Each structure stands twice: as structure tokens, then as C-alpha cells.
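Given next are the chains, with one letter for each unit.
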Amino acid sequence: CPSCGADPKAPAAPAGARTFSGQNTVAPIREARGSVLPPGTIFADRYEVIRKLGAGGMGVVYVAKDSNTGQELVLKLIHPDLVTGDEAVQRPMAEGLTARQIRHPNIVAVYDVALWNGQPYFTMEFVKGGTLRSWMVNKIGKDVPLGAAAGVIFSILEGLAEAHRMGVGHRDLKPEN
């Protein structure tokens, strides 16, 4: 489709198997059993949910306010069905702790990785603005100056290079992330 880039011959994605922008995703979006928090909810005795940003294959993502700092941040709750058993809980926690070590201007900072009442969660830097996907969708049918496109790609590669320098490979690189 010239409007959205979708392949008209591709099979339809199952209900719920789309990213924030409506594009197909490899990991199906799971029902967020026990993870949907309405605005005003206080999570972990510290984070006040402002609004839901979206949901994906790994969890539900919110904008929240940290009562300790007054700062807006991202609160990501990992889907409970991904973390059944101690070993399964340790994997996303270990990944979050690794991501927390990476500091680079082109990588969203991970602040906290923790469990609260058995619910694994991350808090991360809240970067205002849209995703790369939303920028790309808004540019469909419009010329993007080579310098702008190259700048976006260069910025992504700089962030990835820092992660790789630290021995970390990004396993979910897509315009929403």
C-alpha cells in the first residue's frame, strides 16, 4: 500500500498482533491480564500512572510520575504470562539490568528494574515526541532530505555501537523502539 507500506498480499495479522502504529509484529500482543492500570493508580507505592502509552509483545507501557522525584517517566510492566517461575522472572530482570548499564544520548535510559508483588517492571526515561514509525508514516509520499534520513540512521547506529561496545545486542530493533 503506498499509504501505509503494508503488503496487500500478506496474510492478515491475528487480532491484537500489531505494534503501536498498527504494523505487524513478530511477537503477538498479549492480553494484559492483571497489568492494565487506570490513570491515577499508584504502582509500587511510588509511581502514579498518568496514561497508557501502549502494549506490545513484552508488556504494557505507561507514562507515570515518580512521587520521589516528581519526574515523568515510562513505567513498563512485563506481561505476567512471560514470567511464570523464578527462572522466567530472572531473564527480563537480567536484560533490564544490562540495559540499565548503557548510557548514551541516543539510547533511552533505564532507571530501575524491580519486582513489586511478583510483577516485574522497568522505569525508563520518557522521551517526548513520536516514534520513528510515526515519523516515517507521516513522511509517506513526501520527500525526506537525504541529510535528515542519514542523520536518523547515523543516530541509531551510534546508539547501537555503544550497546555493542558493552557487549549488548538489541534483539527487538524496530521503529517503535
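Conventions adopted
- Residues numbered from 1 in each chain as written.
- Predicted model: local features only at pLDDT ≥ 70, side-chain atom pairs only at ≥ 80, totals over all residues.
- Heavy atoms only, no water.
- pLDDT = per-residue confidence, 0-100.
- Helix = DSSP H or I, 4+ residues; strand = E, 2+ residues; numbered from the N terminus.
- Contact = heavy atoms within 4.5 Å.
- Core = buried A, V, L, I, M, F, W, Y, C linked by side-chain atoms within 4.5 Å.
- Buried < 20%, exposed > 50% of the residue type's maximum accessible area, 1.4 Å probe, protein only.
- Pairing = 2+ DSSP bridges.
- Phe/Tyr/Trp six-rings, centres within 6.5 Å; stacked < 30°, edge-to-face > 60°.
- Salt bridge = Lys/Arg side-chain N within 4 Å of Asp/Glu carboxyl O.

This part is about the confidence of the model for the protein. Residues shown with low pLDDT carry predicted positions that ought not to be read at fine detail. Mean pLDDT over the protein stands at 80; residues scoring 70 or higher make up 79%. Across the protein, the element-wise mean pLDDT spans from 80 in helix H1 (residues 86–100) up to 97 in strand E1 (residues 42–43). For the stretch residues 10–21, pLDDT sits under 50, and the model shows 23 contacts to residues farther than four places along the chain or on other chains. Overall, residues 25–34 carries pLDDT values under 50, and its contacts beyond four positions in sequence, including any with other chains, amount to 24 contacts.

Attention shifts here to the nonpolar core. If you look at the biggest cluster of nonpolar residues, it comprises 14 residues, and the most contacted ones within it are Leu 37, Phe 43, Tyr 47, Tyr 62, Leu 75, Leu 77 and Tyr 121. Elements that contribute at least two residues to this core include exactly strand E2 (47–55), strand E3 (59–66) and strand E4 (72–78). Val 63, Val 89, Met 93 and Phe 122 belong to the second largest nonpolar core, which has twelve residues in total.

Moving on, we get to the sheet that holds E4. Pairing is antiparallel across the open sheet formed by six strands, whose spatial order is E1-E2-E3-E4-E6-E5. Each of the sheet's edge strands pairs with one partner strand only, and the pair in question is E1 and strand E5 (110–116). In the sheet, E4 pairs with strand E6 (residues 119–125) via five bridges, with the strands oriented antiparallel. Paired with Lys 76 across the strands is Phe 122, a residue of E6.

Sheet analysis places E1 next to E2, joined by two bridges and oriented antiparallel. The residue bridging Ile 42 from the neighbouring strand is Glu 48, located in E2. Here E1 hands over to E2 after three residues, with Ala 44 in that stretch at a positive phi of 60°. In this sheet, E3 lies alongside E2 in antiparallel orientation, the contact comprising seven bridges. From the neighbouring strand, Gly 54 faces E3, where its bridge partner is Val 61. Between the antiparallel neighbours E2 and E3 lie three residues.

In the structure shown here, the tally under the stated rule is three aromatic pairs. Arranged with centres 5.1 Å apart and planes meeting at 65°, the rings of Phe 43 and Trp 116 form a pair that is edge-to-face. In this pair, Phe 43 is assigned in strand E1 and Trp 116 in strand E5, connecting sequence segments 73 residues apart. By relative accessible area, which is 28% here, Trp 116 ends up partly exposed. Pairing Phe 43 with Tyr 121 gives two aromatic rings, centres 5.0 Å apart and planes at 85°, and the pair type is edge-to-face. Of the two residues, Phe 43 sits in strand E1 while Tyr 121 sits in strand E6, which places them 78 residues apart along the sequence. The pair formed by Phe 43 and Tyr 121 is uniform in burial state, with each residue classed as buried. Of the aromatic side chains, those joined through ring pairs into one cluster are Phe 43, Tyr 47, Trp 116 and Tyr 121.

What follows deals with the pattern of salt bridges. Per the stated rule, a full pass over the model turns up three salt bridges. In this structure, Asp 66 and Arg 46 form a salt bridge, with 2.7 Å as the shortest nitrogen-oxygen distance. Of this pair, Asp 66 sits in strand E3 while Arg 46 sits in the loop between E1 and E2; the two residues are 20 residues apart in sequence, bridging distant segments of the chain. With relative accessibility at 3%, the residue Asp 66 sits in the buried group. By relative accessible area, Arg 46 is classed as partly exposed at 26%. The partner of Arg 165 in a salt bridge is Glu 162, with the nearest N and O atoms 2.8 Å apart. On the criterion of helical spacing, the pair formed by Arg 165 and Glu 162 is a turn pair, its members being three residues apart in helix H3 (residues 146–165).

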